[in-house]
Amino acid sequence: MSMEKSVSDRKGIDPMLVLGKAVDMGISVNGGDFPLGALPMKMQRIVREANDCYGYPVDYLAGAMLVAVGLGIGNTHFARLKGKWDESAILFMALVGRPGACKSHPLNFAIRPFTELDGKATRAYVKACEEYERQRELPMKERTAPHPVAPVCKRFLISDATPEAMLLIHSQNLRGILMWNDELAGWFKNFNRYNKGSDEEYWLKLFNANPSFSDRKGVKNSVYISRPFISVVGTIQNGILNELAQGSRTSNGFIDRLLFVMPGNQDKQPWSDREPSFDIEAAWADIIGRLVAMPYETDDDGNIVAGILPFTPEAKSRLYEWQRQNTEECNREECDALKGVYNKFDFHAIRFCLIMQMARWACGEADKSEIELVSVENAISLVDYFKTTATRVQGIIRELSLSELQRAVMSALPDEFTTEQGVEIAADNSMPERTFKDFIRRFTGIHFQKIRHGIYGKI
């Protein structure tokens, strides 16, 4: 469903409010482009200005901003659909592009408020450690406190850590942390490097915010986190996407949980001599700063007591309507890989709703007492975008993994063909009929589309 259709079909809602006047800004909300109009106006202006002045692709910057907003929320607020079904703002995201597609700069921009906060916290930690050691060396009667407490380093970001070290850091920063890898391949290639277990299953638990603990040999104290918040973001090149799908990462649903940001146009752009009309770094830092500054309560065990955002009746009705449509689309889908992807968007949609509502609050457009219809509509437009990019990524993965025979048959097939024609062409290329039909079935939705019964087209 396109963004325009989803908005125009709603009554009692201003389409321009939802779209954020994206059309006036020259930003397309269709055709696979990132739906910039779904973001609050302040974020739209930052993305637009960064694109015009620095050439940052809209998709990469806007996508990375979603992860940053989610990190700013952390465990302080959850979206509640019903009962005790709460979703946090955890996202696993990959910025996909060829080498030189300007992925790292917009990612660094989006994360910079947290690097600044971590830098400040680290400097304070170093001083605290020096004071801690000084106090320990003093005679008991000269100490500020009889038994000095070792300081902990407050942080939001990690880049390379064992699962045990990561959980230890998280236990000291229960609000939430982000695994940030400029080259995401370094993240999944290190799976099982430090142990013989299944890191994929470990990250599946973290995505679902399931309780996590570490009590391995050599660790003095067990680490237990009742509600983890660890997001992931990084860049990856088109040519190594197939490595992401290696081993069990496809069969266990690991890859289905990743959101892929992938601009349609990845051509290198000429420099612009235009200067920003306002301080976009400061404007972005202000938005993140408002999220980070949110107060929160803790229970007797030190765990964060999250604020719960329920859905307004009309917002919940719209989300249920979308979920029914997504379920129908999933059931119709013939490609098993895409079925898995579509299934996970039920969870992503709720998380986007939370992120959109809190982003609107941080930008002064809404409150944060409940999730409104506007936020749901905007979340649905994000889901539509990420469905498109997931399909494109699956296509790249499948193409990279095609055999020489499959490539030959693909090349020989016309843009549109009947099953009988395809069988004949496959036979001419030494592919048996049964193998060809299985080939069509597995790649429908990725390399082929079913036009009508018995007739297919190449995508």
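Below you will find a few notes about this structure. Values in this document were obtained by computation on a predicted structure and should not be read as measured data.

Here is what the cut-offs are and how they apply
Residues numbered from 1 in each chain as written. Predicted model: local features only at pLDDT ≥ 70, side-chain atom pairs only at ≥ 80, totals over all residues. Heavy atoms only, no water. Helix = DSSP H or I, 4+ residues; strand = E, 2+ residues; numbered from the N terminus. Buried < 20%, exposed > 50% of the residue type's maximum accessible area, 1.4 Å probe, protein only. Contact = heavy atoms within 4.5 Å. Areas by Shrake-Rupley, 256 points an atom, 1.4 Å probe, with all protein chains shown as cover. Pairing = 2+ DSSP bridges. Axes fitted to C-alpha atoms, helices over the stretch in contact; angles between N-to-C directions. Salt bridge = Lys/Arg side-chain N within 4 Å of Asp/Glu carboxyl O. Phe/Tyr/Trp six-rings, centres within 6.5 Å; stacked < 30°, edge-to-face > 60°. Lys NZ or Arg CZ within 6 Å of the ring centre and 35° of its normal. Polar contact = N/O pair within 3.5 Å; in protein donor to acceptor, adjacent residues only side chain to side chain. Expected span 1.5 Å × (residues − 1). Bend = angle between axes of the 7 residues up to and from the residue.

On to the overall build of the protein chain. For the protein chain, the helix and strand inventory stands at 16 helices and 15 strands. Here the protein chain holds 459 residues, and 50% of them are scored as buried. Taking the intrachain contacts of the protein chain between residues at least 6 apart in sequence as the baseline, contacts between residues at least 24 apart amount to 72%. Counting only carbon and sulfur atoms, one obtains 50% of the accessible surface of the protein chain, whose full area is about 21600 Å².

Picture the strands of a sheet paired through backbone hydrogen bonds; they go either parallel or antiparallel. Spatially, β13-β15-β14 is the arrangement adopted by the 3 strands of the open sheet, whose pairing is antiparallel. Only two strands of the sheet have a single neighbouring strand rather than two, namely β13 (416-418) and β14 (448-452). Neighbour-to-neighbour, the strand axes of the sheet open up by a mean angle of 35°, direction not taken into account. Contacts between helix α15 (residues 419-428) and the sheet are confined to β13 and β15 (455-458), with β13 contributing the most and set at about 95° to the helix. Those strands touched by helix α16 (residues 433-443) are β13, β14 and β15, and its axis lies near 95° from that of β14.

Moving on, we come to the pattern of salt bridges. Within the structure shown, the criterion is met by 13 salt bridges. R80 is the partner of D86 in a salt bridge, and the nearest nitrogen-oxygen pair spans 2.6 Å. Given a relative accessible area of 14%, D86 falls into the buried group. Residue R80 is classed as partly exposed on the basis of its relative accessible area, which comes to 22%. Among the ionic pairs, R134 bridges to E131, the shortest N-O distance being 2.9 Å. Of this pair, R134 and E131 are both found in helix α5 (residues 104-137), 3 residues apart, which corresponds to roughly one turn of the helix. Among the ionic contacts, a cluster of salt bridges with common partners joins R48, E49, D52 and R274.

This next bit is on the pairing of strand β9 (residues 258-261). Here β9 shows two buried faces, one formed by L258 and F260 and the other by L259 and V261. Summarising the sheet, strand β3 (residues 92-96) and β9 pair through 4 bridges and their orientation is parallel. Bridging across to β9, F92 finds its partner in L258.

Attention now moves to the pairing of β3. Regular strands have side chains that alternate between both faces of the sheet. Most of β3 sits out of view: 5 of its 5 residues are buried. Residues F92, A94 and V96 line one face of β3 and the alternating positions M93 and L95 line the opposite face, and both faces are buried. Relative to strand β8 (residues 230-236), β3 is paired through 5 bridges, and the arrangement is parallel. Bridge pairing links V96 to I236 in β8.

Under the counting rule described, the total for this entry stands at 17 aromatic pairs. Three or more aromatic residues joined by ring pairs make a cluster, and in this case those are F92, W187, Y202, W203, F207 and F254. Taking the ring centre of W361 as reference, the NZ or CZ of R290 above it sits at 4.0 Å. Over the aromatic face of F207 sits the side chain of R351, whose NZ or CZ is 4.3 Å from the ring centroid.

Here we come to the side chain of R360. If you trace the backbone, R360 turns up in helix α12 (residues 336-362). Using a relative accessible area of 7% as the deciding quantity, one classes R360 as buried. Here the side chain of R360 touches E372 through a polar contact of 2.9 Å, side chain to side chain. Residues contacting R360, with those up to four places away along its chain left out, are P40, E365, A366, E372, V374 and S375.

What follows is about the sheet that holds strand β12 (residues 307-310). Strand order in the open sheet formed by 3 strands is β2-β1-β12, with mixed pairing between adjacent strands. Every interior strand has two partners, whereas the edge strands, β2 (85-87) and β12, have only one. Strand-to-strand twist in this sheet, taken as the mean axis angle between neighbours without regard to direction, amounts to 40°. With 3 bridges connecting them, strand β1 (residues 77-82) and β2 associate as antiparallel partners. Looking at the pairing, R80 lines up with D86 of β2.

Looking at the element boundaries, K387 is found in helix α13 (residues 373-400). Reaching out from K387, the side chain makes a polar contact with the side chain of E329 at a distance of 2.9 Å. Excluding its chain neighbours within four sequence positions, the residues that come into contact with K387 are N326, E329, Y342 and F345.

The subject of this paragraph is α12. Helical periodicity: at 3.6 residues per turn, an α-helix aligns residues three or four positions apart in one direction. Compared with an ideal rise of 1.5 Å per residue, which puts 27 residues at 39 Å, α12 spans 39 Å between its outermost C-alpha atoms and is within 8% of the ideal. In the structure, α12 departs most strongly from a straight axis at D346, where the bend amounts to approximately 35°. Judged by how many residues are buried, α12 sits mostly within the fold: 23 of 27 residues are covered. Just downstream of α12, G364 is the residue with a positive phi angle, here 80°.

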